[in-house]
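# Remarks on the overall topology
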Amino acid sequence: MDFSNKNVLITGASRGIGKATAQAFAEKGAKVGLNYRSNEQAAQMTLMELAGEGHHLLRQDISEKTGPQELITNFVDHFGSLDILVNNAGISIFHDIEEVDFDHWTNAWVDTFKTNLFAVSNLCYWGAKAMMETGGGKIVNVSSRGAFRGEPTKPAYGASKAALNSMSQSLAKKLAKHHIHIGVVAPGFTETEMAAETLTPVERDHLLRESPFQRMAQPKEVAHAILFLASEGAGYSSGTIIDVNGASYLRS
Ligand SMILES: NC(=O)c1ccc[n+]([C@@H]2O[C@H](COP(=O)([O-])OP(=O)(O)OC[C@H]3O[C@@H](n4cnc5c(N)ncnc54)[C@H](OP(=O)(O)O)[C@@H]3O)[C@@H](O)[C@H]2O)c1
């Protein structure tokens, strides 16, 4: 896969899956705009580690109403055009119905949907407008296994990702005539730096046993699927959802 001369915007690119995706695109010749919310130090580190040159940091909270439009405008002002948009940034909030009070419950739904669905729908809106100006582009949205399998202690997260899948498929149909392709990657538990630091040994053991490979996904493996959907040859895969979950959950 060759992404020379491609301008790629990745949300939530300061760490985890977004960082691995930025590294993978940069290694294949792309110029990458790295969006992050607040962790300046992590974002600067990621920028410094990227192969090639011409990459750029874009600090923006995408959950704010004007955030997505400002982010796309700033990206296009800097790079000249938007070829590939990877909507990776997402949050998950614990809100077990047996344990939390109503305020916690309802706030978790609002906050989760603000970032995982409304921000992405607005980024698709402004991103697609920018791509229409230049004859097309690729959008890859990062979903989750939880959209299919359920998230008992984080139901808003599972619901937001299921809605994201549905929205992506609707837009894949609508935007085809503009040569805009939309794909989705649905990872299972992925071993990011943060996951490695926060899991207890028992939790880790449980997660390892979910997959017959007896391991979690690596961020690089999720990035690989994202690059495939963004590649030139994958246009007819628009509307596809690629699972990256080590056969831990098989849907029909
Ligand atoms: N890790 C997993 O096991 C897993 C499994 C399935 C799906 N996923 C999905 O994969 C995606 C990435 O997950 P991850 O674990 O790699 O994430 P992560 O390590 O928690 O990193 C999140 C990134 O998103 C940014 N971010 C969060 N809220 C933002 C906002 N409102 N505006 C702009 N940036 C924001 C963060 O920036 P700051 O650091 O500056 O706040 C950071 O760069 C998410 O959509 C997640 O749902 C992850």
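Data block above holds the structure.
Residues numbered from 1 in each chain as written. Predicted model: local features only at pLDDT ≥ 70, side-chain atom pairs only at ≥ 80, totals over all residues. Heavy atoms only, no water.

### Some words on the pairing of strand β1 (residues 7–10)
Definition in use: Relative accessible area decides the class of each residue, using a 1.4 Å probe on protein chains only: under 20% of the type maximum gives buried, over 50% gives exposed, and in between gives partly exposed. Per the convention used, a helix needs a DSSP run of H or I reaching at least four residues, while a strand needs a run of E reaching at least two, with both numbered from the N terminus. Strand pairing is defined by DSSP finding a minimum of two bridges between the two strands.
A two-sided burial pattern is seen for β1, the buried positions comprising N7 and L9 on one face and V8 and I10 on the other. As defined by bridge partners, β1 adjoins strand β2 (residues 31–36) across four bridges and the pair is classed as parallel. Note on β2: the bridge partner recorded for I10 is L34. Sheet topology places β1 next to strand β4 (residues 84–87); three bridges connect them, and they run parallel. What sits directly across from L9, in β4, is L85.

### Some remarks on the sheet that holds strand β6 (residues 180–187)
Where we set the bar: A fitted line through C-alpha atoms represents every axis, and for helices the fit uses only the stretch in contact; the resulting angles, taken between N-to-C directions, go from 0 to 180 degrees. Contact criterion: two residues are considered in contact whenever any of their non-hydrogen atoms come within 4.5 Å of each other.
Within the open sheet, the seven strands sit side by side as β3-β2-β1-β4-β5-β6-β7. Their pairing is parallel. Only two strands of the sheet have a single partner each, and these edge strands are β3 (56–59) and β7 (241–244). With direction set aside, neighbouring strand axes in the sheet form an average angle of 20°. Direction of pairing for β6 relative to β7: parallel, over a ladder of four bridges. If you follow P187 over to β7, its bridge partner there is V244. Here helix α4 (residues 102–133) sits on the sheet in contact with β4, β5 (137–142) and β6, set at roughly 175° to β4.

### A look at the site of the ligand
The line we're drawing: The rule for a residue being near a molecule or strand is that one of its heavy atoms must lie within 4 Å of it. Polar contact is defined as a pair of N or O atoms within 3.5 Å, subject to the rule that within protein one atom must be able to donate a hydrogen and the other to accept it, and that residues adjacent in sequence are counted only when both atoms are side-chain atoms. Computed with a 1.4 Å probe, the accessible areas rest on the Shrake-Rupley method; for each residue, only the protein chains presented here act as cover.
The immediate surroundings of the ligand are formed by 30 residues, with S14, S38, N88, Y157 and T190 found nearest. S38 is positioned such that a nitrogen or oxygen atom in its backbone is 2.7 Å from an oxygen atom of the ligand. Here N39 contributes a backbone N or O atom positioned 2.8 Å from an oxygen atom of the ligand. Taking 900 Å² as the accessible area of the ligand by itself, protein coverage stands at 92%.

### Quick word on the nonpolar core
Considering soluble globular proteins, one finds that nonpolar side chains tend to be buried as a cluster. Under the convention used in this document: Residues grouped as a nonpolar core are buried Ala, Val, Leu, Ile, Met, Phe, Trp, Tyr and Cys residues, joined through side-chain atoms within 4.5 Å.
If you look at the biggest cluster of nonpolar residues, it comprises 32 residues, and the most contacted ones within it are I10, F25, V32, V86, V185 and I226. Sorting the residues of this core by element identifies β1, α1 (16–27), β2, β4, β5, α9 (219–230) and β7 as the ones contributing at least two each. Among the elements that line this core, the one with the most residues is α9, at seven residues. Ranked by size, the runner-up nonpolar core spans 26 residues in total, among them L71, L82, C124 and A128.

### Some words on the packing of aromatic side chains
This is how it is decided: In summary, the pairing rule links any two rings of Phe, Tyr or Trp, Trp by its six-membered ring, whose centres are within 6.5 Å, and it sorts them by plane angle into stacked for under 30 degrees, edge-to-face for over 60 and tilted for everything else.
Within this structure, the stated rule accounts for six aromatic pairs. The interplanar angle of 25° and the centroid separation of 6.0 Å between the aromatic rings of W109 and F113 together place this pair among those described as stacked. Taken together, the positions of W109 and F113, both in helix α4 and four residues apart, correspond to about one turn of that helix. Relative to W126, the ring of Y125 lies with its centre 4.9 Å away and its plane at 80°, an arrangement referred to as edge-to-face. Accessibility expressed as a relative area gives 44% for Y125, which makes it partly exposed. With a relative accessible area of 30%, W126 lands in the partly exposed category.

### Notes on the side chain of T192
If you trace the backbone, T192 turns up in the loop between β6 and α7 (193–198). Residue classification places T192 among the buried residues on the basis of a relative accessible area of 17%. Each residue touching T192, except ones within four places of it in the same chain, is listed here: G16, I17 and P219.

### Details of unusual backbone geometry
In most cases, non-glycine residues show a negative phi, while peptide bonds are predominantly trans. Positive phi outside glycine occurs at N5, with the angle close to 70°. Within the element layout of this structure, N5 appears in the segment before β1. Residue classification places N5 among the exposed residues on the basis of a relative accessible area of 74%. One non-glycine residue with positive phi stands out, namely Q214, at about 60°. Looking at the secondary structure, you find Q214 in the loop between α8 (201–210) and α9.

### Structural notes on α4
To keep it simple, the criterion reads: By this rule the span expected of a helix is its residue count minus one, scaled by 1.5 Å. Throughout, the bend at a residue refers to the angle made by two axes, fitted to the seven residues ending there and to the seven starting there.
Here α4 is 32 residues long and its end C-alpha atoms lie 45 Å apart, about the 46 Å a rise of 1.5 Å per residue gives. Along α4, the sharpest kink reaches roughly 45°, centred on K114. For α4, the capping residue at the N-terminal end is D101, with a side-chain oxygen 3.3 Å from the backbone nitrogen of D103. Among the residues trailing α4, G135 stands out with phi positive, at a value near 95°.

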